[in-house]
Amino acid sequence: MTTEPHSDAPKRKVKNFALLSNRAGAAFLTPAGLLVSIFVIAPFFWVIFVSFTNRTLLGRTALNPEFVGLANYFALFDPANFFQRGQFGFSLILTTQFVLASALLGQALLGLLLAWLIQTVPPWIKRITETFVIAAWILPEVVIGFAWFAFLDRDQGTLNALLGAVGLPPGDFLLQQPFWVIVVFNTWRGAAFSMMLFSSAFSSIPPSYFQAADVAGASSWQKFKDIGLPLIRGHIVTDLILITMWTFNTFTPFLLTNGGPSYRTELVSIYNYRVAFNDFQFGKGAAVGVIMMLINLAFALVYLSIGRKKKR
Amino acid sequence: MASVEFRSVTKSFGSFNAVSDVSFSIGDGEFVCLLGPSGCGKTTSLRMIAGLETPTLGQVLIGGQDVTHYHPKDRQISMVFQDYALYPHMNLADNIAYPLKVRGKSVSERHGRAREVADVLKIGHLLDRLPSQISGGQQQRTSLARALVYPSQVYLFDEPLSNLDAKLRLEARGFLNHLQRDMGMTAVYVTHDQAEAMALATRIAVMDQGRIVQYASPIEIYRLPATTFVANFVGNPPMNLVEVEASHGNGSLQLRADGLSIAPLPMTDVIGKALATSSKLTLGVRPEHLHIAQGSAPNTITAALFANENMGPESLVTVDRADAGRVTARIFTDDHLQLGETVTLAFSPEHVHLFNSKGDRIPAAGE
Amino acid sequence: MKLTLSAFVGRIAFSALAALIGAAFALPLLWFLFAPFNARAELGLALPDPWTLSNFVTVFGNNFAVQALWNSLIQSVGGVILVGAAATLAAYALSRSSLPGKGAVTYILLLFSSVVSGSAAMVPIFLIVSAAGLIDTHLAVILTFAGGLLPTAMFILRDFIDSIPKSYEESAMVAGASPVQAFFDVALPVIRPGIVVVVVWSFVNIWGSFLIPFILLRSDDQMPASVAIYSFYSEAGTPIVTLLAAYSLIYSLPVIVLYLFVSWKFGFRFFGGIKA
Ligand SMILES: Nc1ncnc2c1ncn2[C@@H]1O[C@H](COP(=O)(O)OP(=O)(O)O)[C@@H](O)[C@H]1O
Ligand SMILES: [Mg+2]
């Protein structure tokens, strides 16, 4: 084999070799950096700024908003009507109940139950059950909204038809029990995530742990309580934080109830939409946004600190 | 082909020095093995030759030219990676010919050359397979082919055989040996396997904690290990090391240790210098230089039998000196020994190695 | 044999419970299996008699419906291209360069992306988009989604790239490739499965989204299908059920196909695990 003469052409010097030089790295980061700065980071600061103004969608204050200090916050937290329907306090409490009932109880428990069940049942039952649970989760939210709209229809809906078939009285649930409708709806919509997270957690437990328990004569409940549960504790915490954040921010129930009837399903996200885009009070809407983001921030910090601890 | 030289090269990661002030040179056509335990800085050194790490201090020269700050692509080198780094989306022909592609060669030249090299390495019939469709040994040869397909100044190998099973490894080692003698390539070869280094190298650089402890031919490394570290790393099983207490008088050196009986050795100036700092020395004897003796003759080590492992042509007899460690002998007879029985292992004085209290070799008279 | 009997009963009970839950999840969706193929479909559950595709013909004859699907496609594809390209470049830089402050950037992005949700930031997003004069344009939706999905897309991809040995690019460079050649010839093809996952995930997110286009778009000829469906069933007194059923099914189809594709191709059960 021959060696080519070493060319003496001047070569660009590398100060400190890396697969991607700092210059190229910065260039590679620029497009994403710009997009994220403008559409994620800027809104965060802008919303704080707008919340101190009386900006509106139309009219004089649309162009020349005035600085109003904490007036928007005082309006939100006005003790005179804080707890009244259609006011911020009512919405915040409603959202808290919604998160507790549909995420922490509904999705997490149902997800856990499903994850445990599908481990032991015959594959075909597992596949069918999984298919529907996951379908509820991946289908576009508008389609789901419409499906439930049809499902709950007072006169023809599948639910009332079923109730009639077993001899129960029909109901107009969207009018009578709107809160419980969106709780069940959100549980149904989101259980798939918890199920998938927990079932991947369960399947990462070495089967020998369970076999050892089988040999010792443990019941299914004992195996779940003494082996499964303790070993996926980390996943449970992750799951609870994530589904809490998503449920807190979800806008999907709007597609089913529009926030009504008479504000009875007006979650903070829907309240925020109404104040800003129906009442056109951007300043007040921004103040709602700030409070939502502060709550998100608290959860995110907890989540990230747990993630960091795990890495160490 | 070209020479390679390190001039006072240091590589730090944060405050940790992976390579500390290393200088050595590799002549044109030499096959040098970097040998040492895991984490001693072999790969880092090799990657500095390749340009994949930039030294913190010092210079790297290839063919007499300072390439310290050259991009890897400008160094005209070849490298075989431990994990082979075969591109999973290209078939073997494209994998092997990739270096020619980036050199702007025509498709026909690329494929012709890839076939030539592949035929030499006996993978010519696999050229349209994907890397995932061939065996580990064939993958190893493919990565070798990719390194050989273009002319290089230096060939770099990072533990290229460590992912092969024992039998394939021996076969590949033999092939590499043949190739090197055939091509006369300049090569730097990283391994933690002393047998591999002994078999392949024209010179071995033994590394420990970021430094080169000894840089010499395999035979010299074996015969005259520079430190207890080298002595303990090279040879299978490695050299027995026995801590001894030394005293001298009348021009002779007396060594004492439990179970050791040794005739006085001639005293030299170097030994005197070593004893000036400490009277503790280390005596080394290779297992193959020990044999079983009867009674308590001079130049013996006596202790209770710990294990007797039959290896076929030879057996490894290990005796246990309690707190003072174990001593192993390679014995070519098959004596029937009882566990716990007292065994006497004899050696001749010319096979004794001495190290000072810091572990450095004390040269024998005439060395 | 008492033990095995109780174990047997237990297994039956487990299976029955799983099947029951599965059925409960299926119920609200059952209607969708039949109504699109029923020319006289109403909100009630009924077997089509006869099965027909006439509803689909109606949908494709409706200009507004077709335009809305087309708009969804423009916005999703536009967003996906931006997210895919920008996330690939950024994730590659985060993984392979030794840029100082990489870790901090990662942390801050992760934090902001979970704090700034669409429903919390709808006011400033609207204001920023209108300040840029982009209200009621496809670009508004595309850019907003690109920004919002990018942080998560970057993390998925960075983790993916981190798991790929650096020796691929290193071997290419030692063999004479420039960084650009190593990126395009070797790194990009190897990263491709990760990019596919991110692209599919972004597509499903944008395609299915409602709130952002609902806020940022006004005119009928910009509306994506999601907003169109919502206005079909919420505004008109009695929705045209036949059209809506078929339309919803067509609109859901890409999501279903992509889900099946990803789980077949990657067995990636956790696809979409991190929803925006
Ligand atoms: N990129 C790096 N960052 C930090 N430490 C490193 C890096 N590369 C290597 N090291 C450290 O340097 C030492 C030498 O590594 P290496 O050269 O790979 O050893 P060897 O190949 O001899 O096993 C090890 O302790 C290793 O942990
Ligand atoms: Mg190494």
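Note that the structure is a prediction, hence the values are computed from the model and not measured.

**Student:** Lay out the overall build of chain C in plain terms, naming residues and giving numbers.
**Tutor:** Helix and strand counts for chain C come out as 11 helices and 0 strands. Each helix and strand of chain C, placed in order from N terminus to C terminus, yields the pattern α-α-α-α-α-α-α-α-α-α-α. Counting only C-alpha atoms, chain C reaches 75 × 70 × 35 Å along its principal axes. Residues counted as buried form 58% of the 276 residues belonging to chain C. Considering only intrachain contacts with a sequence separation of at least 6, the fraction spanning at least 24 residues in chain C is 71%. Total accessible area on chain C stands at roughly 11,100 Å², and carbon and sulfur atoms take up 71% of it. Across chain C, the 12 positively charged side chains and the 11 negatively charged ones have centroids separated by 15 Å.

**Student:** Account for the sheet that holds strand β8 (residues 187-191) of chain B, with residues named and values stated.
**Tutor:** Adjacent strands of a sheet form backbone hydrogen bonds with each other and so pair up, either parallel or antiparallel. Residues and elements named next belong to chain B. Judged by pairing direction, the sheet is mixed, and its 6 strands sit side by side in the order β6-β7-β8-β3-β9-β10 without closing on themselves. Pairing within the sheet leaves two strands with one partner each, and these edge strands are β6 (77-80) and β10 (211-216). Averaged over neighbouring strand pairs, the angle between their axes works out to 15° when direction is ignored. With 4 bridges joining them, strand β3 (residues 31-35) and strand β9 (residues 203-208) adopt parallel strand pairing. Looking at β9, one finds that V32 is bridged to R203.

**Student:** Report on the interface of chain C and chain B, specifying residues and quantitative values.
**Tutor:** Every contact between the two is made by 19 residues of chain C and, on the other side, 24 residues of chain B. Around 1,700 Å² of area is buried between chain C and chain B when both sides are counted, 63% of it from carbon and sulfur atoms. Counting the surface chain C buries against chain B, the share from its top three residues, E170, V174 and A175 of chain C, is 34%. Joining chain C to chain B, the criterion identifies 2 salt bridges. Its salt-bridge partner being D185 of chain C, residue K101 of chain B comes within 3.9 Å of it at the nearest N-O pair. Across the chain C-chain B interface, the total number found is 8 residue pairs in polar contact (both at pLDDT 80 or more).

**Student:** Give me the side chain of T300 of chain B: which residues, what numbers.
**Tutor:** Residues and elements named next belong to chain B. With respect to the secondary-structure elements, T300 resides in strand β17 (residues 300-310). For T300, a relative accessible area of 0% puts it in the buried group. For T300, the residues in contact, after removing those within four places along its chain, are G259, L260, S261, T344, L345, A346 and F347.

**Student:** Kindly report on the domain arrangement of chain C, identifying the contributing residues and their values.
**Tutor:** In terms of domains, chain C is made up of domain 1 (5-30) and domain 2 (62-265). Centre-to-centre, using C-alpha coordinates, domain 1 of chain C lies 37 Å away from domain 2 of chain C.

**Student:** Tell me about the domain arrangement of chain B, and please be specific about residues and values.
**Tutor:** Residues and elements named next belong to chain B. When cut into domains, chain B gives domain 1 (4-232) and domain 2 (238-362). Each of domain 1 and domain 2 was reduced to a C-alpha centroid, and the two centroids are 38 Å apart. Listed by partner, the interface residues are 10 residues for domain 1 and 12 residues for domain 2. Together, the buried faces of domain 1 and domain 2 total about 890 Å²; carbon and sulfur atoms form 54% of this surface. Looking only at domain 1, the three residues that lose the most surface to domain 2 are Y222, T228 and A231, adding up to 52% of its buried area. Summed over the shared surface of domain 1 and domain 2, the result is 0 salt bridges.

**Student:** Break down the sheet that holds strand β5 (residues 65-66) of chain B for me, citing the residues and quoting the values.
**Tutor:** Residues and elements named next belong to chain B. The 4 strands are arranged β2-β1-β4-β5 in an open sheet whose pairing can be described as antiparallel. Single-partner strands in this sheet number two, and they are β2 (16-26) and β5. Where strand β4 (residues 57-62) meets β5, 2 bridges bridge the pair, whose relative direction is antiparallel. Residue L61 lies in a different strand from β5, and its bridge partner there is D66.

**Student:** Lay out the nonpolar core in plain terms, naming residues and giving numbers.
**Tutor:** Among the nonpolar cores identified, the biggest contains 260 residues, and L156 and F157 of chain B together with W31, L216 and Y247 of chain C are the most heavily contacted of them. Here this core gets 14 residues from one element, more than from any other, and that element is helix α8 (residues 179-208) of chain C. With near-sequence residues (within four places) excluded, W31 of chain C lies in contact with F146 and A150 of chain A together with P36, E42, L43, G44, L45, V241 and A245 of chain C. Grouped together as the second largest cluster of nonpolar side chains are 31 residues, L283, L290, V327 and F347 of chain B included.

**Student:** Lay out the site of ligand 1 with the relevant residues and their values.
**Tutor:** Residue and element names in this part refer to chain B. Residues in contact with ligand 1, as listed here, are F13, F16, A18, P37, S38, G39, C40, G41, K42, T43 and T44. K42 is positioned such that a nitrogen or oxygen atom in its backbone is 2.9 Å from an oxygen atom of ligand 1. Burial of ligand 1 by the surrounding chains reaches 59%, relative to a free accessible area of 560 Å². Counting only elements with at least two residues in the shell around ligand 1, the list comes to β2 and α1 (42-50).

Conventions used here
Residues numbered from 1 in each chain as written. Chains lettered and ligands numbered in written order. Predicted model: local features only at pLDDT ≥ 70, side-chain atom pairs only at ≥ 80, totals over all residues. Heavy atoms only, no water. Helix = DSSP H or I, 4+ residues; strand = E, 2+ residues; numbered from the N terminus. Buried < 20%, exposed > 50% of the residue type's maximum accessible area, 1.4 Å probe, protein only. Contact = heavy atoms within 4.5 Å. Areas by Shrake-Rupley, 256 points an atom, 1.4 Å probe, with all protein chains shown as cover. Lys, Arg positive; Asp, Glu negative; His and termini not counted. Charge placed at Lys NZ, Arg CZ, Asp CG, Glu CD. Pairing = 2+ DSSP bridges. Axes fitted to C-alpha atoms, helices over the stretch in contact; angles between N-to-C directions. Buried area = accessible area lost by both parts, 1.4 Å probe. Salt bridge = Lys/Arg side-chain N within 4 Å of Asp/Glu carboxyl O. Polar contact = N/O pair within 3.5 Å; in protein donor to acceptor, adjacent residues only side chain to side chain. Domains from an automatic or database assignment. Core = buried A, V, L, I, M, F, W, Y, C linked by side-chain atoms within 4.5 Å. Near = heavy atom within 4 Å.

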